[in-house]
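# Close look at the chain arrangement
Each chain is listed here by its residues.
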Amino acid sequence: MIGLGIRFGVIPNYPARGDLAVACPHCKSEAVFTSPYDFLRDDAAEAACSDARITGVKWSGGFAVERFPDTFPWKDPNNPYVQVVRNEVWGVLSCGKCGHRRKHLLNWPADAFYVIETSAGALWAYTREHLVQIRQRISGESSGGPFDMNRLPRQFLLKRTQARLLREIDAFLLRDH
Ligand SMILES: [Zn+2]
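Below or above, wherever it landed, is the structure these notes cover. In this text the structure is predicted, and so the values were computed from the model without any measurement.

Within the protein, the secondary structure is distributed over three helices and nine strands. Each helix and strand of the protein, ordered N terminal to C terminal, gives the series β-β-β-α-β-β-β-β-β-β-α-α. Here the protein, with 177 residues, has 28% of them falling under the buried criterion. Of the contacts made within the protein by residues no fewer than 6 positions apart, 56% connect residues no fewer than 24 positions apart.

Listed below in structure tokens is the structure:
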């Protein structure tokens, strides 16, 4: 079992464990912002602890896996588990397109990759999956899915702007990222 994941305290209702789509600071492509560690407990912690291929440390009754030992090791001064600073979300930004990888302090939603300047205002989403769910909510096709849609501002749910908004979202989704 994967444990705490990243501390997304400054991002209300973000699923406890998940990656964010961010814009690569180098090539502007879709990059991933993710937790530097996985925290394991019980059997998973014991298994990881005795597996030489996994680097990490015993911590708080479990085992913290260093997912990026070179980029963001456990001893890093910004370790978000040890050094909890309110309103700071540290993680690792990785770009599959240009290979850029670095330790990164999240600046949300400014870092968001899925940002659309729509006629109803700026619409941003955590991930493509989130944007697709928002689209379904706006279109009225579905209100279900993993993300809480109660936070979607009402300005995006007006009947009179619905068709235009859907076209703007579709144009963005169809773009070659
Ligand atoms: Zn890049």
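Now that the structure is up, let's keep going.
Before going further, it helps to examine the sheet that holds strand β5 (residues 62-66). Sheet architecture is open: three strands sit in the order β3-β5-β4, paired in antiparallel fashion. Two strands in the sheet have a free side with no partner beyond their single neighbour: β3 (37-40) and β4 (56-59). Each strand axis lies, on average, 20° off the axis of its neighbour in the sheet, ignoring direction. Summarising the sheet, β3 and β5 pair through four bridges and their orientation is antiparallel. Bridged to Leu40 within β5 is Phe63.

By the bridge criterion, five bridges tie strand β8 (residues 114-118) to strand β9 (residues 121-125) in an arrangement that is antiparallel. Of the residues in β9, the one forming a bridge with Tyr114 is Ala125. Between β8 and β9, which pair antiparallel and follow one another directly, the connecting turn spans two residues.

Procedures and definitions
Residues numbered from 1 in each chain as written. Predicted model: local features only at pLDDT ≥ 70, side-chain atom pairs only at ≥ 80, totals over all residues. Helix = DSSP H or I, 4+ residues; strand = E, 2+ residues; numbered from the N terminus. Buried ≥ 20, exposed ≤ 12 C-beta atoms within 10 Å, placed from the backbone. Contact = placed C-beta atoms within 7 Å. Pairing = 2+ DSSP bridges. Axes fitted to C-alpha atoms, helices over the stretch in contact; angles between N-to-C directions.

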